[in-house]
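Single-letter residue listing:
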Amino acid sequence: MIAMFRAVLYTQWKWSRLIVVLGTVAAFAIPLLSLQGAARPDRGALQTQELLGAVQSWGALYPLLATALGLLMAIAAWAADHRGRHIHALTLPIERWRYVLLRFGAGVVLLAAPIAAVFIGSSLAVLTATLPPGLQSYSIALAVRFAFAVFVAYAVFFAVSAGTARTAGIILGLIAAVILVQVVANIANIDLNVFGAAQTVLLLGPGPLAVFTGRWMLIDV
Amino acid sequence: MSRVLALVSAASLLAAPLQSQDSLVARERRRADSLLSTWREAQRLADVADSLERARATAGSDTIAVGGLRIIVNPSSLPLREAAERAWPVIDSLYGSAAEDLPRYPYIFRAVDPDSGVRRAVLHVGVELPWDLDLRATSMVLLTTVTPPDFDPALADWLGAALRPALRPQDERAAVFVQLVTAPSEAVRACFLGDIARCQGVLQIGDSTGSLERLYATPAEREALVTGPFGDYFARGATALTLQNCRQHRVDACTALLRSLPPGSLPRPLAPAARMLLVRVALHAGGRDAYRRLVARPSATIGERLSSAAGMDIDSLVARWRNDALAARPKPLTLSWWASFAAIGWTAFFGFCALRSSRWRL
Amino acid sequence: MSDAIHLERLHYRAGRNFEIKELDLHVPSGSIYGFLGPNGSGKTTTIRLILGLLRPLSGRITILGLTMPDQYAHILGRVGYVPEQPHLDPTLTVRELIDFQAAFYPRWDRARAEDLVQRFELDGEHLFGRLSKGQKAKLMILLALSQCGDLLVLDEPTDGLDPVVRRDILSALVTYVSERGATIFISSHLVHELERVCDWIAVMDNGRLITEAPMEKLKHGTKRLVVMNAPAELVNPPFRVLTRESANGGGGAGENWVVGDWEPGMTSYFEAVGASVRDVIDLDLEDGFVELLRSFRKGGTGR
Amino acid sequence: MFHGIDPRSPIPLYAQIAERVRLAIATGTLGSAAPLPSVRQLAAELRINPATVIQAYKDLEAQGFVEIRHGAGTFVRELAPGRRARERSQQAVALVRKLLAEARRSGVSLAELQRALETELGAKTT
């Protein structure tokens, strides 16, 4: 089982080398760039607000990077199989669920690099920067949130790209159905806010995207 | 004789205008008096109209009396009695002994059906409430619309808001903490770091002279102040040039501009919540009669009133306020545990979907 | 049940125009089993059914004694498969592909793989996508052989390859069989190749199995006869009449017959019915195959 | 020795192989106790089914030409001197028989065949 995982990991690494390296560099750079402002004590009391503003604006990059990593890694995972129309994978002597699990695990392992880079980057940034009084660093929390965002994104896109055109069709059908229901409800002016409900389910609450819409603040009060 | 006559006629000539002057003055005074009397008459009439309006509003509605609270409301399903029973202890703890005067300021409510389109007589006195409020909402209304007994204008000006029971004291203290950390003013930062004197300056409880130096000490702050909120105010007219200089970090230009502002329009470094917290700490420290002592001498300075209310000197009061604020660091808004479990759950779920949707055969 | 592959009443339909009905196939283990059939006769589909890549509507499939699709993982572990189109990832090098496959097969024989790499002169660092058609075929054969499986399923392995590559592949296959006594199931339409190597032949057309017989029986059982004044009707002849045409310009009642299941002694039957066999001409596998197909398509007897 | 094995001919492959071996023995290229190529080697070289080679060797053993020692391989047996001559004459008879069948099929009469033989043989002897 270990040999199989190592083999799958190697092929996954070969296909997604570029993504992982670029992702790691970006993940390492963002925290450092976000704390550049910290090194300007001449701004006196204004430094706190400016720093928080900078950290906030740089913070928006984390979910984007996480989504991009998840998407590209998922595509890399299934591109080869799609090209070969899955024949090679289906003739391997292991159960299908085990193969999919190996692919998924390989992606997760490779995605650990950018996640570690975020943690190291933010810890380094916090050490080197002199923070104004009263502000604290949350590098662990940030790294953990980034990790969850990456894994959720990877899982979502992995599921979609693993499927055949049929599953993609089903998902698109679902979305179209939701839109249709909403339009019909509006025409018949039934008081039904499907978009609102969908939005609360997905984004707020314990929905899949809740982890993306949280606070990506490396430095906070 | 003729010179005397001439003098007298000259004087009378001169006096004529003076006389007319006097008559002018007298006439002015008479007009002022009549204005004053008509004004008082109008005032009296307004009071009568108010009482008539009040009588009309309260006609036919029963009165609920709980503790010091008097609620005049038309009969409805609103749980006002239970709400009053829950609100009274909170109000009493805040105002202490002064709460006995509350009956003088009764609530006037009118329960209405929020959905009905029927036109209702406009009510100038009291508040319209939708009749389907639950207990919590009703008690919330009572707390937020209580009229603080004999709340003088000086205190209102300084506080910037009516003194009412805090619905979520912890959030208020956390907000003060955030202000102390993030406010863009050297004085506030010094206060945060422990300089009680600067805290008093920032809270503006001492004398208000020289406030510019005390509140916005460093050049960077002043420049930020001028180019920020007052940027377009100074951009027009004569001050445009000095604004330009101030932008080039010439601090004297910035200071001049700030000084040219009308008194009292200088923005306060701390939001009302900070001062509100100070008053609460004082009332809490002063015991039951604290509020009465606070509103007893409206002419004194805020600092003296607060220290008399709290029954301790102003420095230790401010120190206690600062400690309370610092102790209330807001809980960091990092990933809560249920969010992490949700994320793991969703990852597993989509992993499972991947399995179901992946191709089991050609 | 010594059959390596055992299909019973297999029924599969793909869309409306193609269907496999009532397919019974028995591949004795240890044999080299040729699977002949024109293009589009369902050879590849049958192979995919055997490997569990497709699920039949009904029928039992037993491979190496294990039922498909329940134990498909075990079966695939002991089966080497070479598809018609290369199914490997073009962005991996030869070395990586070998290492990848090695991780999945418990009985992977690294020495054999290295030896075959030398023999096939394959460059380990070459990307699979950049290999020539022949090299790709060799690599796939290499992977299939190195798994040391008990069954090799080859879908037109040497189709479109130059004779040199074909010769290497065939000799590697034959060596493997003689060393491990494995079963080989070759689907192809290169009749000469099968004739040389196989000891069992099955012929399939349009989703139905025409015949399945040992090579000798099939090859020597099919003869072309020149028959003089044969009676119109034959009463239960010991052989199977595939086609029957009057010889052109032979004068008189000369006819060319093609018969199946022919035994040498059957000319006596003709004397009994008053006809005479002027000549018995042997057919090689290709002619036999063509005749079989023609008679089958004209609605001749099934088996 | 085994070049020109034709899988397409009606004569089965094992028969052709056995024939070639007998011919080699008859002409002496395979001396007594000479080893025959192993099954695996011959099969790989001719790219034919090993079972065919085994059958050919078994036939030869049945006819007493070779001896299969398990594990060591197949070796030509010690032949009585007359045996090789008799084998050669059998080969000649088989050749003539094939010639006659061919002549009949192509409609050549016996007399013409005899005259052709004499001219060919005559040309050879002079």
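Treat the numbers as computed from the prediction; the structure is a model and nothing was measured. Position labels on residues start from 1 in each chain and follow its written sequence. Numbering of ligands from 1 and lettering of chains from A proceed in the order in which they are written. At least 70 in pLDDT is required for a residue's local features to be given in this predicted model, at least 80 for side-chain atom pairs to be given and counted, and no such filter applies to totals for whole chains, interfaces and linings, which use all residues. Computation of side-chain values covers all heavy atoms of the structure but excludes hydrogens and water.

All right, on to the overall build of chain C then. Strands are runs of DSSP state E lasting at least 2 residues, helices are runs of H or I lasting at least 4, and numbering of each runs from the N terminus. Of regular secondary structure, chain C possesses 10 helices and 14 strands. Here, residues are in contact when the closest pair of their heavy atoms is within 4.5 Å. Taking as baseline every contact in chain C between residues at least 6 positions apart, the subset at least 24 positions apart corresponds to 71%. With an accessible surface of roughly 12400 Å², chain C has 50% of that area assigned to carbon and sulfur atoms. Under the convention used here, Asp and Glu are negative, Lys and Arg are positive, and both His and the chain ends fall outside the count. For charged residues, the charge sits on one atom: NZ in Lys, CZ in Arg, CG in Asp, CD in Glu. Separation between the mean location of the 34 positive side-chain charges and that of the 41 negative ones in chain C comes to 4 Å. Areas reported as accessible are Shrake-Rupley estimates using a 1.4 Å probe. Residue values count occlusion only from the protein chains shown.

Across its full length, chain D carries five helices and two strands. The linear arrangement of helices and strands in chain D, starting from the amino end, is α-α-α-β-β-α-α. Each radius of gyration reported is based on C-alpha atoms, and the globular scaling rule is 2.2 Å times the count of residues to the power 0.38. The C-alpha radius of gyration of chain D comes to 18 Å, more than 25% above the 14 Å expected for a compact globule of 126 residues. Across its three principal axes, chain D shows a C-alpha extent of roughly 55 × 35 × 25 Å. Note on exposure labels: buried denotes an accessible area under 20% of the residue type's maximum, exposed denotes more than 50%, and partly exposed covers the range between, all computed with a 1.4 Å probe on protein chains only. Buried residues in chain D amount to 33% of all 126 residues. Within the structure as shown, chain D displays about 7800 Å² of accessible surface, and the carbon and sulfur contribution to it stands at 60%. Across chain D, the mean location of the 18 positive side-chain charges is 2 Å away from that of the 12 negative side-chain charges.

According to the domain assignment, chain C consists of domain 1 (3–214) and domain 2 (223–282). What counts as a domain boundary in this text is fixed by an automatic or database domain assignment. In this structure, domain 1 of chain C and domain 2 of chain C have C-alpha centres spaced 40 Å apart.

Another point: helix α6 (residues 186–193) of chain B. Counting buried positions along α6(B) yields six of eight residues, so the element is predominantly enclosed. Taken as a whole, α6(B) has its buried residues at B:Ala187, B:Val188, B:Arg189, B:Ala190, B:Cys191 and B:Phe192. Those residues of α6(B) hidden inside the fold are in contact with α2 (46–59) of chain A together with α5 (169–182), α7 (196–203), α8 (211–215) and α16 (314–327) of chain B. Within two residues after α6(B), B:Gly194 carries a phi angle of roughly 125°, on the positive side.

Attention shifts here to the nonpolar core. Working definition of a nonpolar core: buried Ala, Val, Leu, Ile, Met, Phe, Trp, Tyr and Cys residues. They are joined through side-chain atoms within 4.5 Å. One finds A:Phe146, B:Leu306, B:Trp321, C:Phe104, C:Leu139, C:Leu142 and D:Ile17 to be the most contacted residues of the largest nonpolar core, which totals 231 residues. The greatest single-element share of this core, amounting to 14 residues, is contributed by helix α6 (residues 139–162) of chain A. The contact partners of B:Leu306, leaving out residues within four places of it in the chain, are B:Trp158, B:Ile205, B:Leu278, B:Val279, B:Ala282, B:Leu294, B:Ile314 and B:Leu317. Core analysis: the second largest hydrophobic core is formed by 36 residues, C:Ile47, C:Ile50, C:Tyr72 and C:Ile75 among them.

Residues and elements named next belong to chain B. For two strands to be treated as a pair, DSSP must find no fewer than two bridges joining them. The pairing of strand β1 (residues 62–66) with strand β2 (residues 69–73) spans five bridges and is antiparallel. Bridging from a neighbouring strand, Ile64 pairs with Ile71 of β2. Remark: two residues form the turn of the hairpin made by β1 and β2, two consecutive strands paired antiparallel; Gly67 in that turn has positive phi of roughly 55°.

Listed as interface residues are 44 residues of chain A and, on the opposing side, 38 residues of chain B. Summed over both partners, the accessible surface that disappears when two parts come together, traced with a 1.4 Å probe, is what is meant by buried area. Buried area between chain A and chain B, summed over both chains or domains, comes out near 3400 Å², and the portion from carbon and sulfur atoms is 75%. The working definition used for a salt bridge is a side-chain nitrogen of Lys or Arg within 4 Å of a carboxyl oxygen of Asp or Glu. In this assembly, chain A and chain B are joined by zero salt bridges. Any pair of N or O atoms that falls within 3.5 Å is considered a polar contact. Within protein, one atom must be able to donate a hydrogen and the other to accept it, and sequence-neighbouring residues count only if both atoms are side-chain atoms. Viewed at the interface, chain B and chain A are joined by two residue pairs in polar contact (both at pLDDT 80 or more). Of all the secondary structure elements, the ones that give two or more residues to the side of chain A that touches chain B are α2, α4 (87–90), α5 (96–128) and α6 of chain A. For the side of chain A that touches chain B, the element with the most residues is α6(A), which contributes 11 residues.

Attention now goes to the confidence of the model for chain C. pLDDT runs from 0 to 100 and stands for how confident the predictor is about each residue. With 96% of its residues at a pLDDT of 70 or more, chain C shows a mean pLDDT of 87. The least confident element of chain C, judged by mean pLDDT, is strand β12 (residues 240–246) of chain C at 78; the most confident is helix α3 (residues 94–104) of chain C at 95.

Residues and elements named next belong to chain D. Domains assigned within chain D are domain 1 (13–76) and domain 2 (83–121). Each of domain 1 and domain 2 has a C-alpha centre, and the two are 28 Å apart. With 12 residues of domain 1 at the interface, the matching set in domain 2 holds five residues. Counting the contacts that link domain 1 with domain 2 gives one salt bridge. Residues Arg22 and Glu87 are paired through a salt bridge, measuring 3.8 Å at the closest nitrogen-oxygen approach. Of the residues in the side of domain 1 that touches domain 2, the class split is five nonpolar, five polar and two charged. When residues are sorted by character, Ala, Val, Leu, Ile, Met, Phe, Trp, Tyr, Cys and Pro go into the nonpolar class, Asp, Glu, Lys and Arg into the charged class, and all the rest, Gly among them, into the polar class.

This paragraph deals with the state of the cysteines. Residue and element names in this part refer to chain B. Whenever a pair of cysteine sulfur atoms sits within 2.5 Å, that pair is classed as a disulfide. For the structure on display, the rule yields two disulfides over all chains. Residue pairing for Cys191: its cysteine sulfur links by disulfide to Cys199, the two sulfurs lying 1.9 Å apart. Disulfide Cys191 to Cys199: torsion about the S-S bond roughly 95°, handedness right-handed. With a sulfur-sulfur separation of 1.8 Å, Cys246 is cross-linked through a disulfide to Cys254. Here the disulfide of Cys246 and Cys254 is right-handed, its torsion about the S-S bond being about 100°. Grouping residues by exposure puts Cys246 and Cys254 together as buried.

What follows is about the packing of aromatic side chains. Residues and elements named next belong to chain A. Pairing of aromatic side chains requires ring centres within 6.5 Å, counting the rings of Phe and Tyr and the six-membered ring of Trp. Pairs whose planes differ by under 30 degrees are stacked, by over 60 edge-to-face, and all others tilted. This structure, assessed with the given rule, holds 20 aromatic pairs over all chains. Among the aromatic residues, those joined into a cluster by ring pairs are Trp78, Phe104, Tyr154 and Phe158. Positioned above the aromatic ring of Trp216 is the side chain of Arg145, whose terminal nitrogen or guanidinium carbon lies 5.6 Å from the ring centre. Lysine and arginine charges are scored as sitting over a ring when NZ or CZ, respectively, is within 6 Å of the ring centre and within 35 degrees of the ring normal.

Attention now moves to the sheet that holds strand β8 (residues 183–188) of chain C. All names here are of chain C. Pairing is mixed across the open sheet formed by six strands, whose spatial order is β6-β7-β8-β3-β9-β10. Because the sheet does not close on itself, it has two edges, and the strands there are β6 (79–82) and β10 (208–214). If you compare each strand with its neighbour and ignore which way they point, the axes differ by 15° on average. Here strand β3 (residues 32–36) runs beside strand β9 (residues 200–205); their pairing, made up of four bridges, is parallel. Within the sheet, the bridge partner assigned to Tyr33 lies in β9 and is Trp200. Across the face of the sheet, helix α5 (residues 133–146) comes into contact with β6 and β7 (151–155) while running at roughly 175° to β6. An axis is simply a line fitted to the C-alpha atoms; with a helix, the fit covers only the stretch in contact. Between two such axes, the angle follows the N-to-C directions and lies from 0 to 180 degrees. Where helix α10 (residues 285–297) meets the sheet, it contacts β3, β9 and β10, and its direction lies at approximately 35° from that of β9.

With that settled, consider the packing of α6(A) against helix α17 (residues 337–357) of chain B. Interaxial distance between α6(A) and α17(B) falls to 8 Å at its minimum, and their mutual angle equals 15°. Judged by the inter-axis angle, α6(A) sits roughly parallel to α17(B). α6(A) and α17(B) meet at a crossing whose hand is left-handed. Between α6(A), through A:Phe148, A:Phe151, A:Val152, A:Ala155, A:Val156, A:Phe158, A:Ala159 and A:Ala162, and α17(B), the contact on the second element is made entirely by B:Ser340, B:Ala343, B:Ile344, B:Thr347, B:Phe350, B:Gly351, B:Cys353, B:Ala354 and B:Ser357. Along the lines of polarity and charge, the residues of the contact of α6(A) with α17(B) split into 13 nonpolar, four polar and no charged. The cut-offs work like this: below 35 degrees is roughly parallel, past 145 is roughly antiparallel, 65 to 115 is roughly perpendicular, and the gaps in between are oblique. Crossing handedness is defined as follows: a turn of the near helix away from the far one that is anticlockwise and smaller than a right angle gives a left-handed crossing, while the clockwise case is right-handed.

Once that is clear, we can look at the pattern of salt bridges. Applying the stated criterion across every chain, the model contains 40 salt bridges over all chains. Between B:Arg168 and B:Asp171 there is a salt bridge, and its shortest N-O distance comes to 2.9 Å. Accessibility expressed as a relative area gives 58% for B:Arg168, which makes it exposed. For C:Glu19, the salt bridge identified is with C:Arg13, shortest N-O distance 3.3 Å.

Here the focus is the sheet that holds strand β1 (residues 3–14) of chain C. Residues and elements named next belong to chain C. Read across the sheet, four strands follow the order β2-β1-β4-β5 without closing on themselves; strand pairing throughout is antiparallel. Two strands close off the open sheet at either side, each with one partner strand: β2 (18–28) and β5 (66–68). The average undirected angle you get between the axes of adjacent strands in this sheet is 25°. In terms of strand pairing, strand β4 (residues 58–63) meets β5 through three bridges, oriented antiparallel.

Residue and element names in this part refer to chain A. Given a rise of 1.5 Å per residue, 23 residues ought to cover 33 Å, and the 32 Å separating the end C-alpha atoms of helix α3 (residues 61–83) matches this to within 8%. Fitting one axis to the seven residues ending at a residue and another to the seven starting there, the bend at that residue is the angle between the two axes. Ala77 marks where α3 bends most, by close to 30°. Following α3 by one or two positions, Arg85 adopts a phi angle in the positive range, close to 50°. Multiplying one less than the number of residues by 1.5 Å gives the expected span of a helix.

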